[in-house]
Amino acid sequence: MNLTSLIYKNMKGLRYKYVTFLLSSVFSVTIFYLFASFVMHPNVEFGPSVSDTGVQIGLLACEIIIVIFSFFFVWYSSSAFIKSRANEFGLLSTLGASRRQLSKMIFTESVIIGEIAIGLGLLLGTLLLRMFLSAMSLLLQVDSPIEFAIVPEAIVYTFIGYSLLFIFVALINVRGLKKGQIVDLSRQSQKAKKPPAFSWILGLFALLCLSVGYYLAWTTDGRTVLLRILPVIGIVCVGTYFLFSQVSVGFLRSIRKNKGVYYRGLNLLTVGELGFKVQDNARVLSITAILTAVVLTAIGTLNISSQTLVEMREFDYPQALSVTIEGKLEPHELDKIELSLRSEFQSDGVHVQSGAVLPGIMFRGAVWDWDMNVPIPLISEEDFKVWAEQSGAPYVEDVLPGEAVMVGSYPWGDPPHTLCGDLQSRAFEVDYELDEGEISFVVCQSIDVNLLNDPYSWAMVIDSTQMRDLLEVAGPRDYLTLISFELSNWTESSKSVEKIRASLSAQIEDLDFKILDFSSRVSAYQETIQSRSLMLFLAVFVALVFSVGMGSMLHFRLFTDLEEDRSRFASMKRLGVSWGEIKTVITRQAALLFFAPFALGVVHSVFALKALVGTLLSDPIIAEMGLPVLTSKTFRYMAVPIAIFLALQTIYFLISRKAYLDAMRSSEA
Amino acid sequence: MTVLKVQGLSKVYGSEKNSAATWALENINFEVDQGEFLGVMGPSGSGKTTLLNLLASLDKPTTGHIEIAGVDLSKLKDEETAMFRRKNIGFVFQDFNLLYTLSVKENIILPLALDEVRPSDIEKRVSQVAENLGITHILDKRVFEISQGEQQRTAIARAIINRPKVVLADEPTGNLDSKSANGVMKTFSSLNEEYGITILMVTHDPFAASFCKRILFLKDGEIFSELRRSDGRQKFFQQVIDVLSVMGGTFDEPYQLNL
């Protein structure tokens, strides 16, 4: 039997161990390849804008994390794999296999498995990419921003990168074998690990790293973000690792000192188990904590940016639907239009907050007295009051003939607070040129409410009697009809808005009138969403991939020690520890494994999001809008993703725990 | 007072009707009184291990009853069995069965902690037991830092700390060199004589067996003979050897390859 056939027979005989190692390798290849396919996709291009730069940096950071993650993951699973076969190597060496032969065997094996993993990973990645693109398009109801394509660069990078990685890891393992005696190797599984040393300096160092990282993140703004982002990630990663490897040891020590707690029931066993595994756990726990932070930050960014988008649209489009029609409609026609709009919205389940169809006049040559010629429509006070009541606009004035209340956000400094009839300055006078002569109104008040969207965002409310008189003298092209609707769930109104647009334009054409402006908030919103869908795709993708990655990593971690745990729990059973008690000890351990990094990840992500908000707020335009979502509500929007993620994590936990207990139980029978 | 009572105990591996069935134990009857130190000897395949597994309720008998401290083991449910074992039986194993995740002291107090005994009582009892066994100086060490003889004495301390009705020992000297074995057997002997602890020990080693007060010899699943110590240990040892030679069979346990 030569070495090649030995390797082959080995692989066949130990297929379960091989399959575990292979799967974890395939898994990390898949993640990297998927990500690379996204980033190197020809449809993915970044402009020079600030937000694009931000996304690029984010992607770079993600990729670095994936590479580090892959390295540790592959290293970790391969060393666990080698360790689990220590007895086999020991046996081979007693049978006369030389160290050189063993090294060659381990090396060849690792590389073969690695290449198989690369092949399978590329295949799986391609499949997943295809599925992901379709699923996201369906879910977000936007066209996919990138087409499905096989990206040659991604394949090349993945192939070369992972080939090198597998070779490198194989070399590390072989080197470890050369240094240690083979007999040691065979005893490795029985040899007890030394309890980890605890150093105050390293513990304090961990806390220092975290505080510095947190402080820098908390105080980040647009100017400093580029400089800080990578160092902060680094510092926090280091801090996280030492937190799990050092502070946890300190914590377990303090429990050990507290006899009242430590000597109670299963605590003794649980703490013993944890202390024993703390060093192995630290690596996995810190990686998963970082991954959790990445995922939550990605989802949080997505959530905040879409909420910001909603608020920005509400700012730009004061009304959900605003239409200006040129032409004189009779009162019964106005009522008919309003009714048909309301019933249209209602039939689609869109709730109308306020809605009005108002007759108005806009004299040609209307002048806003500030070297500017802004046409401002006139509407009667009685019509306006009906709308004001519905929309909750603060309108209390009773205007006199010749006076006007300006409706619309006052764009030049503070609005005039002058009361009607008590006006000094000509600055607030509006003159309208009529066909014969001129008519002026003194603006005696302005209310910061927009009746219409741009470009007719202002309107003048005048005395109802005067309005009736003016309607008589106005020329045919001076007549306007203003439609203004506010909807509570406007983001869902796109279907009804499109129907209204069609039916209204047909109706108006029949009358030989013209629609001057038709603007709806939802169409603007959807255009923006579509244009930013790439970012949305990326965020959801990162979140998904990392979340699954983390779950499986913890799963593997739990199962790595299965054999050792089995014999230890068998020992406990012989001492009269019941199955129920063993279950409790295992559950506690697994819960810690799954939820401790989650908790830390949540904290990390809160700081990361604060940095994001700081960056966004330092943008002068956004700062002026003072979007409430960025200030007070930021962390409230985090609650939903955290809850979703907690649910996912709980599912992973329950699955892993059950699988582990089943494996443990089966060994008993 | 009878602590342990075995009546008509049989264990069959494989189906009873099947001709290939093996009778590991056949109609075993014996009793152990309070304060006894009973040895069970027999060649390989005589049913020693099966007997001990049944006594420890790790396995169920085909027929017959085992009563420990007046409780019929077959009447206990699964969870109750674990509790009963914890409270009434102390175990000493050939492989020590210590948890290397815990320190020596923590291993010893495990049964007490599981029963939620008060920490101050735990401390009192552990220092007393450690002193009796001469392992006070290693209490804070990890399991892998102490010698095998010390490991077995730790296991004995764990077995008796709960004040069980009976201590079951399975080849306690099997993994020890002769010096450590001597120490461990002396420990057993003094525990039995000075503190009246009831011990049932299974062994194939005549030297270890010579510390017992009474020995049951098993052969092919049945009790072959019984020996009581009346004179000194040297003489008893000779008697044991004599019985063994009459019984025949091999007393070499299968050689274990320890890499």
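Structure shown above.
A few points on the structure. (Residues numbered from 1 in each chain as written. Chains lettered and ligands numbered in written order. Predicted model: local features only at pLDDT ≥ 70, side-chain atom pairs only at ≥ 80, totals over all residues. Heavy atoms only, no water.)

## With respect to the interface of chain A and chain B
By convention, interface size is frequently given as the accessible area that disappears when the constituent parts associate.
Line of reasoning, step 1. If you look at the interface, chain A gives 35 residues, while chain B gives 27 residues.
Line of reasoning, step 2. Of the roughly 3000 Å² buried between chain A and chain B on both sides combined, carbon and sulfur atoms contribute 62%.
Line of reasoning, step 3. Looking at the side of chain A facing chain B, the largest losses of area belong to A:Tyr263, A:Arg574 and A:Leu575, adding up to 27% of the total buried there.
Line of reasoning, step 4. If you look at where chain A meets chain B, you find 4 salt bridges.
Line of reasoning, step 5. Ionic pairing is found between A:Arg264 and B:Glu116, a salt bridge with its closest N-O pair at 3.4 Å. (Contact = heavy atoms within 4.5 Å. Buried area = accessible area lost by both parts, 1.4 Å probe. Salt bridge = Lys/Arg side-chain N within 4 Å of Asp/Glu carboxyl O.)

## Details of the pattern of salt bridges
Line of reasoning, step 1. Following the criterion strictly, the structure yields 26 salt bridges over all chains and no others.
Line of reasoning, step 2. Among the ionic pairs, A:Glu486 bridges to A:Arg521, the shortest N-O distance being 2.8 Å. Here A:Arg521 lies in helix H16 (residues 521–531) and A:Glu486 lies in strand E9 (residues 479–487), a separation of 35 residues in the sequence.
Line of reasoning, step 3. The buried category is assigned to A:Glu486, whose relative accessible area is 12%.
Line of reasoning, step 4. Two residues, B:Asp231 and B:Lys235, come together in a salt bridge whose shortest N-O distance is 3.0 Å.
Line of reasoning, step 5. Here the salt bridges share partners, and the residues they tie into one network are A:Glu273, A:Lys277, A:Asp565 and A:Arg568. (Helix = DSSP H or I, 4+ residues; strand = E, 2+ residues; numbered from the N terminus. Buried < 20%, exposed > 50% of the residue type's maximum accessible area, 1.4 Å probe, protein only.)

## Details of the nonpolar core
Line of reasoning, step 1. Counting residues in hydrophobic clusters, the biggest one holds 191 residues, and the most contacted among them are A:Leu269, B:Phe30, B:Phe188 and B:Leu200.
Line of reasoning, step 2. The biggest single contributor to this core is helix H11 (residues 267–316) of chain A, with 17 residues.
Line of reasoning, step 3. If near-sequence neighbours (up to four positions away) are discounted, A:Leu269 is found in contact with A:Met572, A:Val577, A:Val585, B:Leu99, B:Leu102, B:Leu110 and B:Leu114.
Line of reasoning, step 4. Among the nonpolar cores identified, the runner-up in size contains 29 residues, and A:Val310, A:Val350, A:Tyr525 and A:Ile529 belong to it. (Core = buried A, V, L, I, M, F, W, Y, C linked by side-chain atoms within 4.5 Å.)

## Some remarks on the pairing of strand E8 (residues 459–462) of chain A
All names here are of chain A.
Line of reasoning, step 1. Burial along E8 is two-sided: Ala459 and Val461 and Met460 and Ile462, pointing in opposite directions, are all buried.
Line of reasoning, step 2. As defined by bridge partners, strand E4 (residues 378–380) adjoins E8 across 3 bridges and the pair is classed as parallel. Residue Leu378 lies in a different strand from E8, and its bridge partner there is Met460.
Line of reasoning, step 3. Where strand E5 (residues 403–407) and E8 come together, 4 bridges link them in antiparallel fashion. If you follow Val405 over to E8, its bridge partner there is Val461. (Pairing = 2+ DSSP bridges.)

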